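# Analysis of the macromolecular model
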Amino acid sequence: MHDLHYAVVVGINRYPGIRHLNHARNDAHAFAEWLHAADGGGLPYANVEVIPVDDAKVPARDPNKGKFKA
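Cut-offs applied
- Residues numbered from 1 in each chain as written.
- Predicted model: local features only at pLDDT ≥ 70, side-chain atom pairs only at ≥ 80, totals over all residues.
- Heavy atoms only, no water.
- Helix = DSSP H or I, 4+ residues; strand = E, 2+ residues; numbered from the N terminus.
- Buried < 20%, exposed > 50% of the residue type's maximum accessible area, 1.4 Å probe, protein only.
- Areas by Shrake-Rupley, 256 points an atom, 1.4 Å probe, with all protein chains shown as cover.
- Phe/Tyr/Trp six-rings, centres within 6.5 Å; stacked < 30°, edge-to-face > 60°.
- Core = buried A, V, L, I, M, F, W, Y, C linked by side-chain atoms within 4.5 Å.
- Contact = heavy atoms within 4.5 Å.
- Patch = residues over 30% accessible without salt bridge, like charges linked within 9 Å, V, L, I, M, F, W, Y side chains within 5 Å.
- Salt bridge = Lys/Arg side-chain N within 4 Å of Asp/Glu carboxyl O.
- Polar contact = N/O pair within 3.5 Å; in protein donor to acceptor, adjacent residues only side chain to side chain.
- Right-handed = clockwise from strand over helix to strand, strands pointing away.

## Let's talk about the overall build of the protein chain
Scanning the protein chain from terminus to terminus reveals 1 helix and 2 strands. Listing each helix as α and each strand as β along the protein chain from the N terminus yields β-α-β. In the protein chain, which comprises 70 residues, the share counted as buried stands at 20%. Accessible area for the protein chain stands at about 5,500 Å²; split by element, carbon and sulfur atoms hold 56% of it.

See the structure below:
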C-alpha cells in the first residue's frame, strides 16, 4: 500500500424497517485497525476515516411499518 490508498469505514447498528445489528460499529473499528496494521492494509492513520453511526441518531424502528392491514 502507499499514501494514495484511502478507506472510509462505516459502522451502523440500527436499521429502521429491517432488523438491527449488534456489532457493526465494533466491527468497523476492528477493520480500521486491520487497515492500519503493517501486516494488514498498511494504510497511514490519516488515510482511514471511521464513521460509527450513533444509535441515538437513527430513528426508532416502527413495528407496524410494512405490515399489511386486513
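Further notes follow.
## Focus: the packing of aromatic side chains
Counted under the stated rule, the structure contains 1 aromatic pair. Each ring, one from F31 and one from W34, has its centre 5.8 Å from the other, and the planes form 10 degrees; the classification is stacked. With a gap of 3 residues between them, F31 and W34 both fall in helix α1 (residues 24-36), about one helical turn apart.

## Examining the nonpolar core
By size, the foremost hydrophobic cluster in this structure holds 7 residues: A7, V9, A28, A32, L35, L43 and V48. Elements with a contribution of two residues or more to this core: β1 (7-11) and α1. For this core, the element with the most residues is α1, which contributes 3 residues. Residue contacts for A7: discarding those within four places in its chain leaves L35, L43, N47, V48 and E49.

## Details of a nonpolar patch on the surface
There is a patch of nonpolar side chains on the surface, built from V8, V10 and I51 and spanning about 260 Å² of accessible area. Within the secondary structure layout, I51 lies in strand β2 (residues 48-52). The partly exposed category is assigned to I51, whose relative accessible area is 38%.

## A short note on the side chain of N47
Relative to the helices and strands, N47 is located in the loop between α1 and β2. One polar contact links the side chain of N47 to the main-chain carbonyl oxygen of D3, over a distance of 2.8 Å. The residues touching N47, leaving out its near neighbours within four places in the chain, are H2, D3, L4, H5, Y6 and A7.

## Here we look at the pairing of β1
The two faces of β1 differ: A7, V9 and G11 on one face are buried, but V8 and V10 on the other face are not. Handedness of the β1-α1-β2 crossover: right-handed.

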